[in-house]
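# Structural features, examined
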Amino acid sequence: MRSIMAKITPFNENAADYDEWFEKNRESYLAELAAVREFVPPGGKGIEIGVGTGRFAGPLGIQIGVEPSPHMAELARQRGIHVFEATAEALPFADGEYDFALMVTVVCFLDDLGQAFREVHRILTSGGILIIGFIDRESELGRQYIRKKDQSKFYRDAVFYSTNELEKFLTGAGFSNFAYRQTLFADSAHSPIVEEGSGRGSFVVVRAFKM
């Protein structure tokens with residue numbers, strides 16, 4: 001396993017290229033944002049862990065983020081987000097400090113998924129919500145990413161998970177009561193849509209509650 005700094009370096013060195021993806025793939029991005037938005041509560045103190053360049057936290061009104069890449073963190077700060085430079089496995093917050101937490105396309109890059117989920121569980125209030133957006137390993141897009149990961153500067157070291165695998169990690173960390181949304185391309189002539197459930201969409205959002 002490569003070091004955490006080795007995983008961060010591609011994002012730090014290519015932060016602008018990463019951020020540009022959201023403009024080049026705007027329809028997909030907006031569908032993903034819509035899917036995540038369905039689970040974000042209207043009130044309470046929230047945080048995005050792995051905030052990246054702030055493309056989700058900003059539109060969703062989340063004012064606090066965690067990001068280990070300094071250059072990505074700086075772009076998020078330019079979008080008005082207060083960013084702590086830290087990792088998901090060692091969050092610099094007190095127990096029960098947040099009402100909800102968001103993680104988007106982050107789980108595939110973590111060194112210790114179980115530890116990260118335990119840390120999120122720790123910083124959430126009783127009954128707090130964790131929202132995760134991820135690429136389903138068993139979807140067509142997930143299979144494409146896996147086939148081409150050695151050619152990608154971002155996903156070379158990524159570990160993709162299925163919905164069932166992610167549920168097991170979440171359950172082990174003390175989360176329950178799962179609900180799902182997914183983005184689907186109806187056909188090439190239409191924009192992606194958001195649908196309840198999982199198993200068909202490439203981008204899946206799961207909502208879980210702290211037990």
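Residues numbered from 1 in each chain as written. Predicted model: local features only at pLDDT ≥ 70, side-chain atom pairs only at ≥ 80, totals over all residues. Heavy atoms only, no water.

Each helix and strand in the protein was counted, giving 8 helices and 8 strands. Taken over C-alpha atoms, the radius of gyration comes to 16 Å for the protein, in line with the 17 Å a tight globule of 211 residues would show. Counting over 211 residues, the protein shows a buried share of 52%. Sequence-distant contacts in the protein: of pairs separated by 6 or more residues, those separated by 24 or more amount to 67%. On the protein, roughly 9800 Å² of surface is accessible, and the fraction owed to carbon and sulfur atoms is 50%. Of the charged side chains in the protein, 23 are positive and 29 negative, and the gap between their average positions amounts to 2 Å. (Helix = DSSP H or I, 4+ residues; strand = E, 2+ residues; numbered from the N terminus. Rg over C-alpha atoms; globule rule 2.2 N^0.38 Å. Buried < 20%, exposed > 50% of the residue type's maximum accessible area, 1.4 Å probe, protein only. Contact = heavy atoms within 4.5 Å. Areas by Shrake-Rupley, 256 points an atom, 1.4 Å probe, with all protein chains shown as cover. Lys, Arg positive; Asp, Glu negative; His and termini not counted. Charge placed at Lys NZ, Arg CZ, Asp CG, Glu CD.)

Within the structure shown, the criterion is met by 12 salt bridges. Between arginine 55 and aspartate 19 there is a salt bridge; the shortest N-O distance is 3.0 Å. On the criterion of sequence distance, the pair formed by arginine 55 in the loop between strand S1 (46-49) and helix H4 (57-60) and aspartate 19 in helix H2 (residues 15-24) is long-range, its members being 36 residues apart. Judged by relative accessible area, aspartate 19 falls into the buried class, the value being 12%. A salt bridge links glutamate 38 to arginine 181; its shortest N-O distance comes to 2.5 Å. With glutamate 38 in the loop between helix H3 (26-37) and S1 and arginine 181 in strand S6 (residues 175-184), this residue pair connects regions lying 143 residues apart in the sequence. The exposure class of arginine 181 is buried, given its relative accessible area of 17%. Several salt bridges share partner residues, and in doing so they unite Asp19, Glu23, Arg26, Arg55 and Arg79 into one network. (Salt bridge = Lys/Arg side-chain N within 4 Å of Asp/Glu carboxyl O.)

This part is about the sheet that holds strand S2 (residues 64-66). The strand order across the open sheet built from 8 strands is S3-S2-S1-S4-S5-S8-S6-S7, with neighbouring strands paired in mixed fashion. The open sheet terminates on both sides in strands that have one partner only, identified here as strand S3 (82-84) and strand S7 (193-196). The average undirected angle you get between the axes of adjacent strands in this sheet is 20°. In this fold helix H6 (residues 113-123) packs onto S1, strand S4 (98-104), strand S5 (124-135), S6 and strand S8 (203-210), with an angle of close to 145° to the strand it touches most, S5. (Pairing = 2+ DSSP bridges. Axes fitted to C-alpha atoms, helices over the stretch in contact; angles between N-to-C directions.)

Below, the discussion takes up H6. Of all 11 residues that make up H6, 8 are buried, and the element is covered over most of its length. Against S1, S4, S5, helix H8 (163-172), S6 and S8 lie the buried residues of H6.

Put simply, side chains in a regular strand alternate between the two faces of the sheet. In terms of burial, S5 is largely enclosed, as 9 of its 12 residues are buried. Relative to S5, S4 runs parallel, the two being bridged by 6 bridges. From the neighbouring strand, alanine 101 faces S5, where its bridge partner is leucine 130. Once the chain exits S4 it traverses H6 before rejoining the sheet at S5, and the crossover so formed is right-handed. Strand direction decides the pairing type here: S5 and S8, joined by 7 bridges, are antiparallel. Bridge pairing in S8 places isoleucine 132 opposite valine 206. (Right-handed = clockwise from strand over helix to strand, strands pointing away.)

Further remarks concern the packing of H2 against helix H5 (residues 70-78). Put simply, H2 and H5 touch, their axes get as near as 9 Å, and they point 50° apart. As far as their axial angle goes, H5 and H2 are oblique. Of H5, the residues touching H2 (which contributes Ala15, Ala16, Tyr18 and Asp19) are His71, Met72 and Leu75. Partitioned by chemical class, the residues of the contact of H2 with H5 number 5 nonpolar, 1 polar and 1 charged. (Parallel < 35°, antiparallel > 145°, perpendicular 65-115°, else oblique. Nonpolar A, V, L, I, M, F, W, Y, C, P; charged D, E, K, R; others polar.)

Turning to its location among the elements, glutamate 48 is positioned in strand S1. In the structure, glutamate 48 is positioned 149 residues away from glycine 197 in sequence and 23 Å away in space, judged by C-alpha atoms. Excluding its chain neighbours within four sequence positions, the residues that come into contact with glutamate 48 are Phe56, Ala57, Ile62, Ile64, Gly65, Val66, Leu102 and Val104. Here alanine 57 takes part through its backbone nitrogen, which lies 3.0 Å from a polar atom of the side chain of glutamate 48. (Polar contact = N/O pair within 3.5 Å; in protein donor to acceptor, adjacent residues only side chain to side chain.)

From the geometry alone we can't say anything about function, so treat these as descriptive.
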